[in-house]
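Residues per chain are reported as follows:
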Amino acid sequence: MITGASDIFAAVLSVLLLIAAWTDLRSRIISNELNAAIALVAIVWWFVGGYPIWPDIGLRVLLAFGLFAVFALLFAFRIMGGGDVKMMGAFALWLPMPLVLPMLFVTALAGGLIAGFLAIRARFRPNEAPPEVPYGIAIALGGFWVMANGLLTIRAA
């Protein structure tokens, strides 16, 4: 990898994750353009980093499609929003296999904590509509967790 490129990609990804979390918090919407940017920057990162098509890139693409499919089922059951599903698929393009389960665990934990907080808050505001969980925040937290623990330094998919 080009010297310093990992830091640049980490900064760009961090900004994109922060924007996604913020917009999801404010409006419960994560734009298609933002999710496309997360995916496209991952593709640039693969080529700048010199990752081989197989297994590194191929497994990341398969993983992204698999996670997208699982989260699309959650969307079908109205558990997650469409932007969250697309964000998970786009972010998965960054993930080597060893970091998938830790990212999903941290994301699920963060999502549960956010949902719990919103449920408790709703108890004290009985006239409000049921809360929508801004799951983009949880995905961003899972992303920051894996970035802090080797996302841009692990080569093997």
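Residues numbered from 1 in each chain as written. Predicted model: local features only at pLDDT ≥ 70, side-chain atom pairs only at ≥ 80, totals over all residues. Heavy atoms only, no water.

- Named according to an unreviewed UniProt entry, the chain is Peptidase originating from Sphingomonas montanisoli.
- The UniProt entry for the chain carries the following comment under Subcellular location (unreviewed entry): "Cell membrane". (UniProt positions renumbered as here; feature names shortened; annotations may be inferred.)

**A closer look at the overall build of the chain**
- When its secondary structure is counted, the chain shows six helices and zero strands.
- Secondary structure elements of the chain occur, N-terminal to C-terminal, as α-α-α-α-α-α.
- At 16 Å, the chain has a C-alpha radius of gyration in line with the 15 Å of a compact globule built from 157 residues.
- With respect to the three principal axes, the spread of C-alpha positions in the chain is 55 × 30 × 25 Å.
- The buried share of the chain, reckoned over its 157 residues, is 43%.
- In the chain, 75% of the contacts between residues at least 6 apart in sequence involve partners at least 24 apart.
- On the chain, roughly 8,600 Å² of surface is accessible, and the fraction owed to carbon and sulfur atoms is 73%.
- Positive and negative charge centroids in the chain, built from 9 and 7 side chains respectively, lie 7 Å apart. (Helix = DSSP H or I, 4+ residues; strand = E, 2+ residues; numbered from the N terminus. Rg over C-alpha atoms; globule rule 2.2 N^0.38 Å. Buried < 20%, exposed > 50% of the residue type's maximum accessible area, 1.4 Å probe, protein only. Contact = heavy atoms within 4.5 Å. Areas by Shrake-Rupley, 256 points an atom, 1.4 Å probe, with all protein chains shown as cover. Lys, Arg positive; Asp, Glu negative; His and termini not counted. Charge placed at Lys NZ, Arg CZ, Asp CG, Glu CD.)

**Observations concerning helix α4 (residues 82-92)**
- Taking burial as the measure, the 11 residues of α4 include nine buried ones, the bulk of the element.
- Among the residues of α4, those classed as buried are G83, D84, V85, M87, M88, G89, A90, F91 and A92.
- Along its buried surface, α4 packs onto α1 (5-27), α2 (32-49), α3 (53-76), α5 (100-123) and α6 (135-148).

**Things to note about unusual backbone geometry**
- At the junction of W54 and P55, the peptide bond is cis and its omega measures out at 10 degrees in the coordinates.
- With respect to the helices and strands, the residue P55 is situated in helix α3.
- Backbone geometry places R28, a non-glycine residue, at a positive phi of 60 degrees.
- With respect to the secondary-structure elements, R28 resides in the loop between α1 and α2.
- Non-glycine residue R78 carries a positive phi angle of around 65 degrees.

**Brief notes about a nonpolar patch on the surface**
- Taken together, L40, I43, F47, I53, W54 and L62 make up a surface patch of nonpolar side chains, about 680 Å² in accessible area.
- Broken down by secondary-structure element, the contributors of at least two residues to the nonpolar patch are α2 and α3.
- The topology assignment puts I43 in helix α2.
- Residue classification places I43 among the partly exposed positions, given a relative accessible area of 31%. (Patch = residues over 30% accessible without salt bridge, like charges linked within 9 Å, V, L, I, M, F, W, Y side chains within 5 Å. Salt bridge = Lys/Arg side-chain N within 4 Å of Asp/Glu carboxyl O.)

**As for the layout of surface pockets**
- The computed volume of the largest pocket comes to approximately 420 Å³.
- Forming the boundary of the largest pocket are 18 residues, of which I79, M80, G81, D84 and V133 lie nearest the centre.
- Mapped onto the lining of the largest pocket, the elements with two or more residues apiece are α3 and α4.
- Looking at the lining of the largest pocket element by element, the count peaks at three residues for α4.
- Of the residues contributing to the lining of the largest pocket, the split by class is 10 nonpolar, three polar and five charged.
- Approximately 150 Å³ is the volume attributed to the second largest pocket. (1 Å grid on protein atoms, 1.4 Å probe; cavity = no way out; pocket = protein on both sides within 12 Å on 5 of 7 lines; lining within 4 Å. Points joined across faces, edges and corners; volume = space filled by probe spheres on them. Nonpolar A, V, L, I, M, F, W, Y, C, P; charged D, E, K, R; others polar.)

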